[in-house]
Every structure is written in structure tokens, then in C-alpha cells.
Amino acid sequence: MVIQRWQSFLLFIAAAVMACFSFISLGQITTTDYTFNFTSLGFYQEGIPTEGTERIIIHTWYFFMLSITTIVLLLIDIFLFRNLRLQKRVCLVSILFIVADACVAGLLGYCGIDGGQIGWSTVVLCPFIALFSSIFAYYRMSADYNLLKSADRIR
């Protein structure tokens, strides 16, 4: 007997929200000279440079790879419904990755460019939505595990 209802939907929501977090601008950092766009790939200088200088100031590939790994784990977790114990473990690992993703975003936002004032986008709330969605999915997995265990006891 396989029960797979809400946890697939909740894990898909978490993956979709983390995809938005990975590919949309997280905010802008304003300094006295320039304004920088903060994404998971790095800090980009906004506007057209007149001297042909590099537009990317700081690369943050590690942050992007952490976000992509989180999305992949969440999507893999949807299809692990046949092995409920493994699904719960992968869900816990993805919860840890979501927390790490939010912490790295906060550290990069406040320490990325010195002397800049950051204005966060509403996309910054995405890891928190994904975190709550993943936690609720984990609780649904636990409830289904208990339901299966009680059904096996009856047989």
C-alpha cells in the first residue's frame, strides 16, 4: 500500500519556490558610485558601463550550485515515495540545504559589497516558504508512515 498525497504537492511547491529564488534578483545594493543587482550568480553592476569594464563584480557560483542542488534534491524526493524511510531522510537533507541557502544569501547580502545599502526583494522570502513546505511534507510522510505501520499490524 503506497500513500502519496500532499507531500508530493508540498515538495513540488518547495522546488518551484527555490527555483524562483535561484533565478530571480534577490535585491539591489546601492553604493555611492554604483547600484548592483544581487542574484544567486553574483553581483552585477546595473546600467551600461561607458568604459567597457566588467559588469560582474563578484561571482557566487557556490551559492548558485547550492540552490540548484536544493532544487534537485526536492525534485528527487518527490519520486522516492516507494521507499518512505529514504524519502524522509532526503527531505531532512533538503531542509538543511534550504536553511544553508538562506544563510548564504543573508551573508552575501550583508557582506558582499562593503559600504553598500541593500534593498531586499520579496524573493528573499522564498527559502522560508520552501522550508515550511518541506517541513509540512516531512510531517505528512511521518503520518503516512504511521498509517502504514498500523495497517501492517492489523494484517
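Relevant structure appears above.
Read on for a plain summary of the structure. On a predicted model such as this, the values are computed, not experimentally measured, just so you know.

Let us look at the overall build of the protein. Broken down by element type, the protein carries 4 helices and 5 strands. For the protein, contacts bridging at least 24 residues in sequence account for 68% of all contacts bridging at least 6. Accessible area of the protein: about 9,100 Å², with a carbon and sulfur share of 66%.

The full count for this structure, using the stated rule, is 9 aromatic pairs. Ring plane angle 20° and centroid distance 6.4 Å describe the contact between Phe38 and Phe63, whose orientation is recorded as stacked. Taken together, the positions of Phe38 in strand S2 (residues 35-39) and Phe63 in helix H2 (residues 61-78) put the pair 25 residues apart, joining distant regions of the chain. Overall, the relative accessible area of 0% leaves Phe38 in the buried class. Centre to centre, the rings of Trp61 and Phe64 are 6.2 Å apart; their planes meet at 85°, and the pair counts as edge-to-face. Taken together, the positions of Trp61 and Phe64, both in helix H2 and 3 residues apart, correspond to about one turn of that helix. One aromatic cluster is present, built from ring pairs that chain together Phe21, Phe38, Phe43, Phe63, Tyr110 and Trp120.

One recurring pattern in soluble globular proteins is that nonpolar side chains are buried together. Counting 31 residues, the largest nonpolar core has Leu11, Phe21, Phe38, Phe63 and Leu74 as the members making the most contacts within it. Elements that contribute at least two residues to this core include exactly helix H1 (6-23), S2, H2, helix H3 (84-111) and helix H4 (126-154). If you tally residues by element for this core, the top one is H1, at 7 residues. In this view, Leu74 contacts Leu11, Ala14, Ala15, Met18, Ser94, Ile98 and Ser134; residues no more than four positions away in its chain are not counted.

Our focus in this paragraph is the pattern of salt bridges. Applying the stated criterion across every chain yields a total of 1 salt bridge. Residue Arg140 is joined to Asp144 by a salt bridge in which the shortest nitrogen-to-oxygen separation is 3.9 Å. Pair noted here: Arg140 and Asp144 are both in helix H4, with a separation of 4 residues, about one helical turn. Look at Arg140 and you get partly exposed, because its relative accessible area is 30%.

Time to look at the side chain of Asp101. Following the sequence through the fold, Asp101 ends up in helix H3. Here Asp101 sits buried without a salt bridge, and the closest side chain of opposite charge, Arg89, lies 23 Å off (N-O distance). Side-chain polar atoms of Asp101 contact the side chain of Ser67, separated by 2.9 Å.

Before going further, it helps to examine the environment of Ala130. The topology assignment puts Ala130 in helix H4. C-alpha separation for the pair Ala130 and Ser94, spaced 36 residues apart in sequence, amounts to 9.8 Å. In this view, Ala130 contacts Ala14, Val17, Met18 and Ile98; residues no more than four positions away in its chain are not counted.

What follows is about a nonpolar patch on the surface. Taken together, the side chains of Leu125, Phe128, Ile129, Phe132, Phe136 and Tyr139 present a nonpolar region at the surface, about 670 Å² in accessible area. In this structure, Phe136 sits in helix H4. Judged by its relative accessible area of 48%, Phe136 falls in the partly exposed class.

Attention shifts here to the packing of H2 against H3. When two helices pack together, their arrangement is given by the angle between the helix axes and by the axis-to-axis distance. Remark: H2 packs on H3, axes separated minimally by 9 Å, with the N-to-C direction vectors making an angle of 155°. In terms of their interaxial angle, H2 and H3 are classed as roughly antiparallel. When you trace H2 past H3, the crossing you get is left-handed. Two secondary-structure elements touch here, H2 through Tyr62, Phe63, Leu66, Ser67, Thr69, Thr70, Leu73, Leu74, Asp77 and Ile78 and H3 through Gln87, Val90, Cys91, Val93, Ser94, Phe97, Ile98, Ala100, Asp101, Val104, Ala105 and Leu108. Residues that form the contact of H2 with H3 fall into these classes: 15 nonpolar, 5 polar and 2 charged.

So, how was this worked out
- Residues numbered from 1 in each chain as written.
- Predicted model: local features only at pLDDT ≥ 70, side-chain atom pairs only at ≥ 80, totals over all residues.
- Heavy atoms only, no water.
- Helix = DSSP H or I, 4+ residues; strand = E, 2+ residues; numbered from the N terminus.
- Contact = heavy atoms within 4.5 Å.
- Areas by Shrake-Rupley, 256 points an atom, 1.4 Å probe, with all protein chains shown as cover.
- Phe/Tyr/Trp six-rings, centres within 6.5 Å; stacked < 30°, edge-to-face > 60°.
- Buried < 20%, exposed > 50% of the residue type's maximum accessible area, 1.4 Å probe, protein only.
- Core = buried A, V, L, I, M, F, W, Y, C linked by side-chain atoms within 4.5 Å.
- Salt bridge = Lys/Arg side-chain N within 4 Å of Asp/Glu carboxyl O.
- Lys, Arg positive; Asp, Glu negative; His and termini not counted.
- Polar contact = N/O pair within 3.5 Å; in protein donor to acceptor, adjacent residues only side chain to side chain.
- Patch = residues over 30% accessible without salt bridge, like charges linked within 9 Å, V, L, I, M, F, W, Y side chains within 5 Å.
- Axes fitted to C-alpha atoms, helices over the stretch in contact; angles between N-to-C directions.
- Parallel < 35°, antiparallel > 145°, perpendicular 65-115°, else oblique.
- Left-handed = near helix turned anticlockwise from the far one by under 90°.
- Nonpolar A, V, L, I, M, F, W, Y, C, P; charged D, E, K, R; others polar.

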